[in-house]
Amino acid sequence: MSDSSRSALRLALRLADPATADALAERMRPQLLALLSDRLGLPRELVGELLGKDDAGRLRAVLEEDPVEWLASVARTGDPALGPALWRAEYRDDDGSKIRAVEEAPGLLAILLEAADFLDDRWYAEGGLLNMVQGAEGFLMLPALTSGAAGLSVDLLAAFGPYLPPPAVVDACLSLFALWGSTEPFEDFLRMHEEVPLLTHWHPWLPDMLRAALTAPDPEACLREHRAAEEWTDPEHLHALARVRCGCPGLAARPDGLDWALIRREHQRLSFHRENLPADDTGRAVTPLLLLTEWEGCPAHLLWESFRADPVGTAEYAAELPFEAFTVLWTDREERNGVLRHALERGILAGRLPVERVLAEVGPAGTVLAHLPLDHGPTRKALTDLLDTLGTDPVNWLTFYAGLSTASGSVTALVADATATDARTGRHTSRPRPAPAQSPAEQPDEARSAFLKVLACASEEAQLAVVPHFDERVVQHLLVFGSPSPAVRAAAVAAHDPSAQVARAGGRLAEAESAEAVPAYRTEPGGPLEELPDRPRALLLAALEKTPVWGADWIGAALGRGRLTHTDVLLHAAPARAALHTLQQYSDERPGEQVHGDASGGAAPQSLCVRAKALAREHLGTDVDAWVGCLRLLPTFAGTLPELLAEANALARKGI
């Protein structure tokens, strides 16, 4: 089944009344089983074995269940035949994406293994689950490390042991002893160790412990004597460590009770550097040390070790970056700018970076100003107070602007240089590096953007004094991207007469004011519909008549801004399969009007789901033939969804 066919069948089963939906499901049982196979991520034959005898109502219910919860329910059977399929399963999420189940929900593997009978040789067969798990890499190491798999075979202990802390390795040895009922696995492991001494490089104590167990009257007691009490006993702590080891993001807080001393000891045993990640060629893994800095209270030596290795990454991830990280002597401009971009605003808003110190000590001034949170009251006040030093003298402001792109010092130092009459770089009486207006207008570069942000914090008197000295491009940026007061806007217009530049910037938009202009702008990359989706509704509704099959960004933007509604797409978008895809693709763009109702509980008076149900039941009613015909017409039908429903109804009435 194609994506659109799967989506259409699932939607039809939701829109039809229960009795009709059951009849439709029974009529299309093969297609429904294929849909369930895709939804659950299991082979169709296996889905048929598990669900083939269920009635239509049960099949529909499974279709609406959370795939992970359903997979967990079948994992509890402990069926070895299910193991390989569960390991490979990629279920389809509600947004249409495919997700590897054991990556998204690592606990699935543990559920299956806890219910398993390992006396069944199928677990250890060449194509069995445990051989698959042994080859885990990258994020798949997370379920392997947290499922107890290391305690199921000597090979698995050798594969996963290096990534487990010593107490967990002892636990794995205890599991092996309990499973085999003898010390035979320890003999096998020691033979492997003799052939490959590197096997125990990260646990050099392990061979001696196993040798002691071989001769001990009570091997289990011997093993337990080697296990540190109260360390790594909480599964949540082991899960957190495994996530870090595998570079899996998403755990922003250290679990309660996990002692930093244990983390430091693990770092000493096998450092949390990138080169120690499990093999992974996808590029998704995050350096483990970065993930540790994300936890509040990360020890300073780990934080600085991470910062020295990757300043920008640490600035992005670290929960707390000390002030000294912003004042180091940089040799790499990109790294310096990256640190400021990721961490300056966050640190100020969290109260860790005093804004007065930032203005006085952190540079370069232009980059600092670009990343200040000026909608934050204390920050804006501190900058405004500093800018008062520039006064209303245009020369001060022009000299300040000239230094924005070259000054390496702080904002305070730049202001001081701009007001110094003996400035070494000279005083500027005219706009440095003047530039003409652009058509269309483009976002200002960092220096010009920073200057406009600064100017917006200055007094209106200062703004009025400096506006006559702007070049054409600054005037354009001020009027197009800024929010000047009426007085400042009037002063800019009076001094520069920017009407020509603004008209040129908006000229292409004027061409799109009529519906007749839609085709050219619908297909042209970067055209007005893509740039400004808040054009007149008539234009946007006309554009929906030829909706791209795989959606268009301008539709999502128009939905997000309220210029279009999902009901508009339902009623006007064509072809029908493009309308259906678009409704699914942008289902969350407008709260309160989602494809299947408002999950937040604040539904509009007539939600999209209600409207869709009314349309479907008006045209198709309880006629299963009409519903089936509608699904068959969908892939090639050129009209809108309402037109599709009407056509399916008409054909069903004719017996076609």
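For the structure itself, look to the data block above.
Presented here is a report on the structure given in the accompanying data block. Here the residue index of a chain counts from 1 through its sequence in written order. Residues qualify for local features only when their pLDDT is at least 70, as the model is predicted, and side-chain atom pairs are given and counted only at 80 or more; totals for whole chains, interfaces and linings, by contrast, use all residues. Only hydrogens and water are set aside; all other atoms, that is, all heavy atoms of the structure, feed into the side-chain values.

Focus: empty space enclosed by the protein
Phase 1: Cavity means a closed set of points on a 1 Å grid over the protein atoms alone, one where a 1.4 Å probe fits but cannot get out, pocket means an open set with protein on both sides within 12 Å along at least 5 of 7 lines, and lining means a residue has an atom within 4 Å of a point. Grid points are joined across faces, edges and corners, and a volume is the space filled by probe spheres set on the points. Under the counting rule described, the total for this entry stands at five cavities of 30 Å³ or more.
Phase 2: Listing elements by their share of the lining of the largest cavity, those giving two or more residues are α1 (3-15), α38 (576-585), α39 (608-619), α40 (624-633) and α41 (641-653).
Phase 3: A per-element tally of the lining of the largest cavity places α39 first, with five residues.
Phase 4: In this classification, Asp, Glu, Lys and Arg are treated as charged, Ala, Val, Leu, Ile, Met, Phe, Trp, Tyr, Cys and Pro as nonpolar, and every other residue, Gly included, as polar. Tallied by class, residues from the lining of the largest cavity come to 22 nonpolar, one polar and no charged.
Phase 5: Considered as a void within the structure, the second largest cavity measures approximately 70 Å³ in volume. Secondary structure elements follow DSSP: runs of H or I of four or more residues count as helices, runs of E of two or more count as strands, with numbering from the N terminus.

A look at the packing of helix α3 (residues 29-40) against helix α4 (residues 44-51)
Phase 1: Interaxial angles span 0 to 180 degrees and are taken between N-to-C directions of axes, which are lines fitted to C-alpha atoms, for helices over the stretch in contact. Taken N-terminus to C-terminus, the directions of α3 and α4 make an angle of 110°; their axes are 9 Å apart at the nearest point. When the axes of α3 and α4 are compared, the pair comes out roughly perpendicular. Between α3 and α4, the residues in contact are Arg29, Pro30, Gln31, Leu33, Ala34, Leu36, Ser37 and Leu40 and Arg44, Val47 and Leu51, respectively.
Phase 2: A class-by-class count of the residues in the contact of α3 with α4 yields seven nonpolar, two polar and two charged. Should an angle lie under 35 degrees it is considered roughly parallel, over 145 roughly antiparallel, and from 65 to 115 roughly perpendicular; all remaining angles are considered oblique. In this description, contact between two residues means that some pair of their heavy atoms is separated by no more than 4.5 Å.

Considering a nonpolar patch on the surface
Phase 1: Like charges are joined within 9 Å and nonpolar side chains (Val, Leu, Ile, Met, Phe, Trp, Tyr) within 5 Å, but only among residues with over 30% relative accessible area and no salt bridge; these make up the patches. Only the protein chains shown count as cover for residues, with accessible areas throughout obtained via the Shrake-Rupley method and a probe of 1.4 Å. A pair is scored as a salt bridge if a Lys or Arg side-chain nitrogen falls within 4 Å of a carboxyl oxygen belonging to Asp or Glu. Residues Tyr124, Leu179 and Trp180 make up a contiguous nonpolar surface patch of roughly 270 Å² in combined accessible area.
Phase 2: When you line up the elements, Tyr124 lands in the loop between α9 (107-114) and α10 (129-134).

So, the side chain of Arg29
Phase 1: On the secondary structure map, Arg29 appears in helix α3.
Phase 2: Among the residues examined, Arg29 registers a relative accessible area of 15% and is labelled buried.
Phase 3: Pairs of N or O atoms are called polar contacts if they sit within 3.5 Å, as long as, within protein, a hydrogen donor faces a hydrogen acceptor (for residues adjacent in sequence, only side-chain-to-side-chain pairs). A polar side-chain atom of Arg29 sits 2.9 Å from the main-chain carbonyl oxygen of Asp54.
Phase 4: When neighbours within four sequence positions are excluded, Arg29 is seen to be in contact with Leu51, Gly52, Asp54, Asp55, Ala56 and Leu59. Type-normalised accessible area, obtained with a 1.4 Å probe on protein chains alone, sets the label of each residue: buried when under 20%, exposed when over 50%, and partly exposed for intermediate values.

Section: the packing of aromatic side chains
We describe a pair of aromatic rings using the distance from one ring centre to the other and the angle between the two ring planes.
Phase 1: Pairing of aromatic rings covers Phe, Tyr and Trp, the last through its six-membered ring, and needs centres within 6.5 Å; plane angles under 30 degrees mean stacked, over 60 mean edge-to-face, and all others mean tilted. Under the defined criterion, the tally for this structure stands at ten aromatic pairs.
Phase 2: Seen from their ring centres, Phe118 and Trp123 are 5.5 Å apart, and the 50° between their planes marks the pair as tilted. By the burial criterion, Phe118 is buried, and Trp123 matches it.
Phase 3: For the pair Phe451 and Phe470, a centre-to-centre distance of 6.2 Å together with 75° between the ring planes defines the contact as edge-to-face. Within this pair, whereas Phe451 is found in helix α28 (residues 446-457), its partner Phe470 is found in the loop between α29 (460-466) and α30 (472-481), the two being separated by 19 residues in sequence. Both residues of the pair, Phe451 and Phe470, belong to the buried class.

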